[in-house]
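The lines below spell out each chain.
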Amino acid sequence: MKRLLFIIIALQFPIVLIAQVISGRVRDAEGEPISYANVALCQKSDSTLLFGVVTNHDGCFEIKVEDAENSFLRVSCVGFQVQNVEIKKVPIEIILIPLTLSEVIVTADMVKKDASSEVYYITDSLRKACINSLQLLDKLQGVKINWMTEAIKIGEYQDVPIMLEGRDVGLEYIRNLNPKRIRKIEILRYPKGKYGDAPIVMNVILSNTYIGFDIGAHAKGMLALRKKHSYNADEGLTYTYATKKWNMYGDVGVKNKLQFEAVSYEQTYKDIRENTAMEDYNKPNASNSLTNLNFSVGADYKISPQHVLSLQTWINSNKGKNKKTYNDITQSFLSNSIGKYHASNITTGVYYRGSINNKLYLSGDVTYNYYNVDENKQYSLLTDITHQQYEGKKNYWRTNADVRYIWNDRLSSTIGYTFTNKNYTNYDRPSNARLFSYRESRHDAYFSINVDLTKNFNFVVGSNLLYVDEKNDVLSDGNFSWIPLVKAFWRPFKLMSIYANYYCDVQHPNLDQLSVVTYQRNTFLWHKGNPELKAKIMHYMQYRVDLKNIIQLTYLYKHSSREITPWYYINGDRVIETLINGDYVHQYIGLNGNYTLPHNIEINFAANYQWYKRRTEEQTSWRDGHTWYLDITATWQAHKRLAFVSGYFLRYDKEPLLQGERYGQSEQLILGAQTSLLKNKLSMMLAIAIPTSAISKRTYNKIIIPDYQYTTWNNDKVNNAIVQLSFRYNIGKGKASKWQNTNNSEIEK
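Residues numbered from 1 in each chain as written. Predicted model: local features only at pLDDT ≥ 70, side-chain atom pairs only at ≥ 80, totals over all residues. Heavy atoms only, no water.

K.L.:
Can you help me understand the nonpolar core in this one?
P.N.:
Looking at soluble globular proteins, one finds that nonpolar side chains tend to be buried together. Within the largest apolar cluster, 47 residues are counted, with the highest numbers of intra-cluster contacts made by L137, I152, I185, M202 and V204. At four residues, the largest contribution of residues to this core is made by strand β14 (residues 200-206). I22, V26, L41 and I63 belong to the second-largest nonpolar core, a separate cluster that totals 19 residues. (Core = buried A, V, L, I, M, F, W, Y, C linked by side-chain atoms within 4.5 Å. Buried < 20%, exposed > 50% of the residue type's maximum accessible area, 1.4 Å probe, protein only. Helix = DSSP H or I, 4+ residues; strand = E, 2+ residues; numbered from the N terminus.)

Take a look at the structure:
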């Protein structure tokens, strides 16, 4: 009997071996997970491939092993050295070592894509000859920098917001970052949580092992060549100091801007007609000036390798003035309008991010914002003058918490909650009487589930449950909104990726849109807000087909039944300009591509056609319009420290309004050169915008209602000849800690 029992147990033992599942995680030397790394099970005797899997978004994997003693794992990922790992202690922790500069070839394979994000792994070859992060970002496939504005362009998005490790910091601080500090770049599409209002966000992830200091200085000057000369000047400093426990950073900057415009208008009220002199781009009659001071400071403290606490403060001050002077058709003085404002904005935030173990990740923040603005509006018609002075104040609190849990190598989930409280108030300055107040509390609970079925197919489903309680001097209301989200990614074969997304967002009106403060625009026209405005809920459906290294095709459909849009009506002897909710449909189809040609030439282009329509609930027919644009950029790296840039941008807008139409345009031909000096510490960019006239530069806004017609014109030739010179100087001293591998694994070159 004992012998029989022994035989049964012995027969079961190999079955246990067959069913053995080995789990592990692949990280880089800084402890960050490496997603989509290849994990191959190989036979020790001849390295025969037995089975293979890929790591999930969090670097985890599971693989079935029949004979652990006679097998090993071969782990590989683009940008890292191949490693052979013995199967011993489970779970297996694998640390990959990055390739050196001479071993890396920059290709599109450096980009890892899924339904939610695109991740660019930064290598030494990408950092080569880059002084700041802008130069580094401009090297990434699908990402371009507009060197006139320094805005980030990704596909159809012309000014992508950028954050640092999931939080806001000073924009110039990010632009001046030392590329050696940057570990990877994430492009997040339709993110959840506090950045849910943006369809696309760039997130910069820093190296955890870099120790040292960096100081950066920047200066940019722009001058319009036509008289009068518009100009823009921007100067500032940034700094970073990092130790093993602390990372301290900040920036300070000053901006001065003066922009001239040539404007005119024509209006007819009942039987009264008023014409101003036609606009002359050689004699502009309108101006906008702005002085901006900004200061930010922050510190990150590493409580432990898995937990980081951050404190940041931003202070921003703006002082502006806009003025328009109109003459009649005989060139005699008719009217002018002057608006002045002074705004102060202070924000303080505390942020936390960390992990409890390899499966549970936490993040949270508490942010307070105080905003104050003093406005002074004056309108003069011949000898009659109207004058309004008022003050606006805002107190804003936001609390956000996220919890992310990795269930296994195919499934992860995120839950979060955001609470915001806003309090807006308008006062009449001379009497200090309250004009309007608005209070809002917002509770936003959300969740999402990420499913990685295979390396080539994954999807995300989620939802927000939003409750908003709002009160103002006119109404009090509370409402729930259910906001679903679906994102999917499929790579049917190596050269094609397909994305499908459905999402929606809720945008509530701001103080200016709600306030009943009234001011005069011209002889007959007065402007005031609408306290009965409802929140805009916009639904989006987007599909993208990406043919690798060939072209990307995008289709977008969006619809809102409560878009916030201008509306005009007659009240007594006044025409009132206000805002209402209307029905809106917008469709978009676009192409974009990036091409690398011989002799270090790179071409980037984006082109699209858009069509849209609007109406109110009372209108039975739609008002239609369309837009098309073309954006082409060419870069030639003539020398390792000299590059030539050329770009052409053309946009044509014929936008439908509920009671009229708007024509807008933008056309720029830019030629520039970029070089590095002073041992690659100083970057300099010279750019010239050359006047072009493929389409009319005379834009207009036309309103037609019973008994009133109003058309304004603007001649954009005033500022279409520009020269700009910019400098960025960076000095510093630092290095990353040595790479360490906790495994006794063999490394293959």
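K.L.:
Just checking my understanding: could you explain the sheet that holds strand β7 (residues 92-95) for this structure?
P.N.:
Strand pairing in a sheet relies on backbone hydrogen bonds. The paired strands run either parallel or antiparallel. The three strands are arranged β4-β1-β7 in an open sheet whose pairing can be described as mixed. Strands with a single pairing partner mark the edges of an open sheet, and in this sheet they are β4 (60-64) and β7. Strand-to-strand, the axes of this sheet are offset by a mean angle of 30 degrees, without reference to chain direction. Sheet topology note: the strand β1 (residues 21-27)/β4 ladder contains five bridges and is antiparallel. Each residue of the ladder has a partner; that of G24, found in β4, is F61. (Pairing = 2+ DSSP bridges. Axes fitted to C-alpha atoms, helices over the stretch in contact; angles between N-to-C directions.)

K.L.:
I tried to follow the pattern of salt bridges on my own but got confused; where do I start?
P.N.:
Two side chains of opposite charge can pair, provided their charged atoms sit close to one another. Under the criterion given, the structure shown has 29 salt bridges. Salt bridges linked by common partners bring E150, E172, R175 and R728 together as one network. (Salt bridge = Lys/Arg side-chain N within 4 Å of Asp/Glu carboxyl O.)

K.L.:
How do you make sense of the pairing of strand β37 (residues 660-677) when you look at a structure like this?
P.N.:
Every regular strand shows the same layout, with side chains that alternate between the two sheet faces. Here strand β36 (residues 642-657) runs beside β37; their pairing, made up of 16 bridges, is antiparallel. Following the sheet pairing, E655 is matched in β37 by R662. Here β36 hands over to β37 after two residues, the two strands then running antiparallel side by side. Of the strand pairs in this sheet, β37 and strand β39 (residues 698-705) are connected by four bridges, and their pairing is antiparallel. Counted as the bridge partner of Y663 is Y700 from β39. Pairing geometry for β37 and strand β38 (residues 682-690), over nine bridges, is antiparallel. Bridging from a neighbouring strand, A673 pairs with L686 of β38.

K.L.:
It is not clear to me how the packing of aromatic side chains should be interpreted in this structure. Could you clarify?
P.N.:
Given two aromatic rings, one states the distance between the centres and the angle between the planes to describe the pair. Evaluation of the coordinates by the stated rule reveals 21 aromatic pairs. Look at Y265 and Y710: their rings are 6.0 Å apart centre to centre, the planes differ by 65 degrees, and that puts the pair in the edge-to-face class. Of this pair, Y265 sits in strand β17 (residues 246-269) while Y710 sits in strand β40 (residues 708-715), and the two are 445 residues apart along the sequence. Residue Y710 is classed as buried on the basis of its relative accessible area, which comes to 7%. Here the aromatic cluster, defined as three or more aromatic residues joined through ring pairs, consists of Y265, Y269, Y326, F524, Y708 and Y710. K377 extends its terminal NZ or CZ atom over the ring of Y519, reaching a point 4.5 Å from the ring centre. Between the NZ or CZ atom of K613 and the centre of the ring of W622, over which it lies, the distance is 4.8 Å. (Phe/Tyr/Trp six-rings, centres within 6.5 Å; stacked < 30°, edge-to-face > 60°. Lys NZ or Arg CZ within 6 Å of the ring centre and 35° of its normal.)

K.L.:
Help me understand the pairing of strand β31 (residues 536-547) in this model?
P.N.:
Burial along β31 is one-sided: K536, M538, Y540, Q542, R544 and D546 are buried, and none of I537, H539, M541, Y543, V545 and L547, which face the opposite way, are. When β31 meets strand β32 (residues 551-571), the two strands line up antiparallel, connected through nine bridges. Bridging across to β32, Y540 finds its partner in K558. Counted along the chain from β31 to the antiparallel partner β32, the turn is three residues long, and its residue N549 has a positive phi close to 65 degrees.

K.L.:
Is there a simple way to explain the sheet that holds strand β9 (residues 117-121) in this structure?
P.N.:
Ordered by their spatial adjacency, five strands build an open sheet running β8-β9-β13-β14-β12, and the pairing between neighbours is mixed. Sheet topology places β8 (111-113) and β12 (162-164) at the edges, where each strand pairs with a single neighbour. When the angles between neighbouring strand axes are averaged without regard to direction, this sheet yields 20 degrees. Two strands pair when backbone bridges link them, and strand β13 (residues 182-189) and β14 are joined in this way by seven bridges, in the antiparallel orientation. Residue pairing for β14: I185 is matched across the bridge by V204.

K.L.:
What's the story with the confidence of the model for the chain in this structure? I'm lost.
P.N.:
Low-pLDDT stretches of the model should not have their predicted coordinates read in fine detail. Put simply, the chain has an average pLDDT of 85, and 93% of its residues get 70 or more. Between residues 101-109, whose pLDDT stays under 50, and residues either more than four places distant or in other chains, the model counts 15 contacts. (pLDDT = per-residue confidence, 0-100. Contact = heavy atoms within 4.5 Å.)

K.L.:
Teacher, can you tell me more about unusual backbone geometry here?
P.N.:
Note: most peptide bonds trans; most residues except glycine with negative phi. Its identity is not glycine, yet E150 carries a phi of approximately 65 degrees, on the positive side. A positive phi angle is found at N432, which is not glycine, with a value near 60 degrees. Within the element layout of this structure, N432 appears in the loop between β24 (411-428) and β25 (434-454). The exposed category is assigned to N432, whose relative accessible area is 55%.

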